[in-house]
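Close look at the chain arrangement
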Amino acid sequence: MLAPMNSMPKTFPPELLAQLQSRVPLLWLNPGLGSAMPADAPTVADVAAAETRLVRCAGLMSVLFPELEACAGRGESELVEATRLQRAMGSDPDRDGTWFIKADHALPIAGSIKARGGFHEVLALAESIAVGHDVLSPDEDRRQLASEPARALFAQHTVTVGSTGNLGLSIGVMAAALGFKAIVHMSTDAKTWKKDRLRMRGVQVIEHDGDYAAAVAAGRAQALAAPRSHFVDDERSLMLFLGYAAAARYLATQLATAGRAVDASHPLFVYIPCGVGGAPGGITYGLKALFGEHVHCFFAEPVASPCMLVQLASQQSDPISVYDIGLDNRTEADGLAVGQASHLVSPLMAAQLSGVFTVSDQQLYAQLLQVLQAEGIELEPSAAAGVGGPAWLTSSNAGRDYLRRHGLSLAGATHIIWSTGGSLVPQEEHRRFQDHGRQISGQSRPCQSHSH
Ligand SMILES: *Cc1c(COP(=O)(O)O)cnc(C)c1O
């Protein structure tokens, strides 16, 4: 084995280590679930403040993005019943509970889950700068942030972010819309269309060799050195985290509207793709605050990049990366290609996360195709990572063990597969993903309607 064992904590379970290194997908259960939260954890009041901010900025959002007028400025995603997908994957709703897709792939403007955290952080920054310069009074209508004096003020400030793609899109688009100077540091492996799209919006894109962490580090260093510069720190930002956490309350309303109770005999299971952990961690934190022990959150991570799993399984606070255990962090799921989990989020998830399952690139493409064929939804590879969640629960020893230990029966359960990105992906890119899925699944390509 190539793992540099000197950096490995002694507590890391050797059997788990071997299994992770073999890259065979697995379900890992978090032994810390239900333990005490760290004393400095964000509070429920912090989440409520984020919810309030998004509500009071809805009018502003409609001014900046006219496509939001129809939903009164509140960019939210649908909760879609996914019974066709469920049956296609061999699961019976009467026996296993009902599947839904939380459609963040179609979130307006940014087309991914990153709209939640990213928009919230830029809005909070804009409010704070405007109030600090007397361009906005604390109780004033936030549409004032789209006024000429506000734009002139924001033009003197820079918003910088390091990103594999989707966070850059979300921050870049929002910052540019308010008139900030926006700089996005990306790793060279970020998709070309994402870079092009940002440049079209007037965002400066700086490319770096190396992985996501290198892009973040470069962005952080440059932002710290520049005056009037704000760095959106995906590895430790509280404002991003709270923006994600604010998703929970609207989801609770959607569940109630759909007639889905959440209680001891109606458990809620949520499966969310995990990169650095901010998005899935924030959502888990928000849902735990509302549903407590009746919600069970699982993260999905690529077999090459299970950074949250590795951090939590080490049961220590010293940072540990997937490289430390001999993995290479190479995956087609560019939104999830993160070697080291967020320092802000991992201590919180140590107490709240039910478990993590890993996904191979092959599975991502196969699942992306299954979602398309059953539900007509086009996802990017990262966004399909959660699809295998319900089957892990019902069909693996670890999953059945979890259900038994918590005394859960599934007949009244709700399963939510969080689909995290894809609606802005160009058509030719989708076609490539789907062709790849067909190759893997042994299906041939449908005939083209045109002939040569
Ligand atoms: C960023 C991203 C995630 C995961 O969010 P993190 O905050 O990095 O954990 C999941 N899916 C997609 C499509 C993403 O872009």
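Residues numbered from 1 in each chain as written. Predicted model: local features only at pLDDT ≥ 70, side-chain atom pairs only at ≥ 80, totals over all residues. Heavy atoms only, no water.

1. A short note on the packing of helix α12 (residues 247-257) against helix α13 (residues 278-291)
Under the convention used in this document: Fitted lines through C-alpha atoms give the axes, limited to the stretch in contact for helices. The angle between two N-to-C directions lies from 0 to 180 degrees. In this description a helix means any DSSP run of H or I spanning at least four residues, a strand means any run of E spanning at least two, and both kinds are numbered starting from the N terminus. Any angle between 65 and 115 degrees counts as roughly perpendicular, while under 35 counts as roughly parallel, over 145 as roughly antiparallel, and the rest as oblique. By convention, the crossing between two helices is left-handed when the near helix turns anticlockwise from the far helix through less than a right angle, and right-handed when the turn is clockwise. Contacts between residues were defined by any pair of non-hydrogen atoms, one from each residue, lying within 4.5 Å. Any residue outside Ala, Val, Leu, Ile, Met, Phe, Trp, Tyr, Cys, Pro, Asp, Glu, Lys and Arg is labelled polar, Gly included; the first ten of those are nonpolar and the last four are charged.
Two elements in contact, α12 and α13, have axes separated by 8 Å at closest approach and are oriented at 55 degrees. Between α12 and α13, the angle is such that the two are oblique. Note that α12 runs across α13; the crossing there is right-handed. Of the residues in α13, those in contact with Ala247, Ala248, Arg249, Leu251, Ala252 and Leu255 of α12 are Ile283, Gly286, Leu287, Leu290 and Phe291. Tallied by class, residues from the contact of α12 with α13 come to 9 nonpolar, 1 polar and 1 charged.

2. A closer look at the pattern of salt bridges
Condition: Between Lys or Arg on one side and Asp or Glu on the other, a salt bridge is scored when a side-chain nitrogen of the former is within 4 Å of a carboxyl oxygen of the latter. Relative accessibility under 20% of the residue-type maximum defines a buried residue, over 50% an exposed one, and the middle range a partly exposed one, all with a 1.4 Å probe and only protein chains included.
According to the stated counting rule, one finds 23 salt bridges in the structure shown. Measuring nitrogen to oxygen at the nearest pair gives 3.7 Å for the salt bridge that ties Lys194 to Asp334. With Lys194 in helix α9 (residues 192-200) and Asp334 in the loop between α14 (307-313) and α15 (346-352), the pair connects residues that are 140 residues apart, well separated along the chain. Since its relative accessible area comes to 2%, Lys194 is described here as buried. The exposure class assigned to Asp334 is buried, which follows from its relative accessible area of 10%. Look at the salt bridges and you will find they share partners, linking Arg53, Arg56, Glu127 and Arg142 into a network.

3. What to know about the pairing of strand β8 (residues 268-273)
Counted only if it meets this: We call two strands paired when DSSP finds no fewer than two bridges between them. Crossover handedness is defined by viewing with both strands directed away from the observer: a clockwise path from the first strand over the helix to the second marks the crossover as right-handed.
Most of β8 sits inside the fold, with 6 of its 6 residues counted as buried. Residues of β8 alternate between two faces, with Leu268, Val270 and Ile272 on one and Phe269, Tyr271 and Pro273 on the opposite face, all of them buried. The sheet contact formed by β8 and strand β9 (residues 295-302) spans 6 bridges and is parallel. For Pro273, the partnering residue across the bridge sits in β9 and is Ala300. Taken together, β8, α13 and β9 constitute a β-α-β crossover, and its handedness is right-handed. When β8 meets strand β11 (residues 414-419), the two strands line up parallel, connected through 4 bridges. Looking at the pairing, Val270 lines up with Ile416 of β11.

4. Examining unusual backbone geometry
Unusually for a residue other than glycine, Asp134 sits at a positive phi of about 60 degrees. For Asp134, the position within the fold is in the loop between α6 (114-132) and α7 (148-154). Residue class for Asp134 comes out exposed when judged on its relative accessible area of 72%. The phi angle at Gln315 is positive, at roughly 50 degrees, despite the residue not being glycine. Among the structural elements, Gln315 can be located in the loop between α14 and α15.

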